[in-house]
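Here is how the chains run, residue by residue.
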Amino acid sequence: MGYIKRYLNIISYLLLGIVFSCSSFYLFINVFHFLELNQSHLIVVADQDIVLDYDQKIHTIKSNIEVFNRDYYHGEIDSTAMLKIQQGLQQCVSILNSTYLEKVRDQSALTIVDIYMLHNSFKNEILSDCILGELYWAISLKENSIVSSYLENNQMMLQLYVDSLKNKTLYLEKDLLNNSSYFFQTNIMDSEVKNNIRDGFFEIFNAYNQACSYVEFLSEWFSREVRAV
């Protein structure tokens, strides 16, 4: 009986040692993952050409939608519908100007967390609230009683553009997951994380720019419609 008791004690100590070793291992890799998340890459966001292009497009959108005055409008589309379109475009400008970009615009370095937040802002604000929310009418003209031969002739192009933005969101999500890893800190891994941050920023901001181009395209149409060009 004493032999069995000693044998069980040995097994319990072995199991306790295994559990302690596993816990220590997971603690260590989480510490290393924390270090990864806090690695930064020097990027002066506001000075990037892709960001300057984005800002210029927003300026163009603002100029295009300011031309509408309901009291002087005599176009083919109902003035109430045009006012609603203008308000939707204005709301998109507000969204484009209030994304996570504004929080990192004046930073001189970005982390993986910043890349994740930029993606999250694109998905939930630019794509969901603006493209598929305020501007959904552009790919559903009949549902919104908007008669425009120009937009009707470009329906396929507009739908393909919106679909590409949706697909880009899925691609960016997969890319972010692939770039998030547990590792032991080395100079090589440190360099790889910084490369992922840099590449991730340009990939995601390319999506920002494409979405902004879509809004700009619709604002150009709106301006021509108001001026009856």
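Here the structure is shown first, and the text comes after it.
Residues numbered from 1 in each chain as written. Predicted model: local features only at pLDDT ≥ 70, side-chain atom pairs only at ≥ 80, totals over all residues. Heavy atoms only, no water.

Participant: What exactly am I supposed to notice about the overall build of the protein chain here?
Facilitator: Within the protein chain one finds eight helices and two strands. For the protein chain, the α and β elements follow one another from N to C terminus as α-β-α-α-α-β-α-α-α-α. The long-range share in the protein chain, meaning contacts at least 24 apart out of those at least 6 apart in sequence, stands at 84%. In the form shown here, the protein chain has an accessible surface area of approximately 13300 Å², with 57% of it arising from carbon and sulfur atoms. (Helix = DSSP H or I, 4+ residues; strand = E, 2+ residues; numbered from the N terminus. Contact = heavy atoms within 4.5 Å. Areas by Shrake-Rupley, 256 points an atom, 1.4 Å probe, with all protein chains shown as cover.)

Participant: Explain the packing of aromatic side chains to me, please; I cannot follow it from the model alone.
Facilitator: The relative placement of two aromatic rings is captured by the distance of their centres and the angle of their planes. Per the counting criterion, the structure on display carries eleven aromatic pairs. Judged by centre distance (5.7 Å) and plane angle (40°), the ring pair of W137 and W221 falls under tilted. One end of the pair, W137, is in the loop between α5 (112-134) and α6 (149-153); the other, W221, is in helix α8 (residues 187-227), with 84 residues separating them in the sequence. A network of ring pairs unites the aromatic residues Y54, F122, F201, F202, F205 and Y208 as a single cluster. The ring of Y150 carries R224 above its face, with NZ or CZ at 4.9 Å from the centroid. (Phe/Tyr/Trp six-rings, centres within 6.5 Å; stacked < 30°, edge-to-face > 60°. Lys NZ or Arg CZ within 6 Å of the ring centre and 35° of its normal.)

Participant: Looking at this structure, how should I read the packing of helix α2 (residues 49-65) against helix α3 (residues 79-96)?
Facilitator: Each packed pair of helices is defined by two parameters, the angle between the axes and the distance between the axes. Axis separation between α2 and α3 bottoms out at 10 Å; the angle between their running directions is 155°. As judged from the angle between their axes, α2 and α3 are roughly antiparallel. Classified by chirality, the crossing of α3 by α2 is left-handed. Along its contact with α2, which presents Y54, I58, I61, K62 and I65, the element α3 presents Q86, L89, Q90, V93 and L96. Classifying every residue of the contact of α2 with α3 gives seven nonpolar, two polar and one charged. (Axes fitted to C-alpha atoms, helices over the stretch in contact; angles between N-to-C directions. Parallel < 35°, antiparallel > 145°, perpendicular 65-115°, else oblique. Left-handed = near helix turned anticlockwise from the far one by under 90°. Nonpolar A, V, L, I, M, F, W, Y, C, P; charged D, E, K, R; others polar.)

Participant: Honestly, the state of the cysteines in this entry has me stumped. Any pointers?
Facilitator: Cysteine pairs can be covalently joined through their sulfur atoms, and such a bond is termed a disulfide. Per the stated rule, a full pass over the model turns up one disulfide. Of all cysteine sulfurs, the one in C130 lies closest to C212, which takes part in no disulfide; the gap is 8.7 Å. Take C212: its relative accessible area is 0%, and that puts it in the buried class. (Disulfide = S-S within 2.5 Å. Buried < 20%, exposed > 50% of the residue type's maximum accessible area, 1.4 Å probe, protein only.)

Participant: Help me understand the pattern of salt bridges, please; the structure alone is not making it clear to me.
Facilitator: Pairing between side chains of opposite charge can happen when their charged atoms approach one another. This structure, assessed with the given rule, holds three salt bridges. Across the pair D53 and K57 runs a salt bridge whose closest N-O atoms are separated by 3.4 Å. Taken together, the residues span about one helical turn, with D53 and K57 both in helix α2 at a distance of four residues. Ionic pairing is found between R105 and D55, a salt bridge with its closest N-O pair at 2.9 Å. (Salt bridge = Lys/Arg side-chain N within 4 Å of Asp/Glu carboxyl O.)

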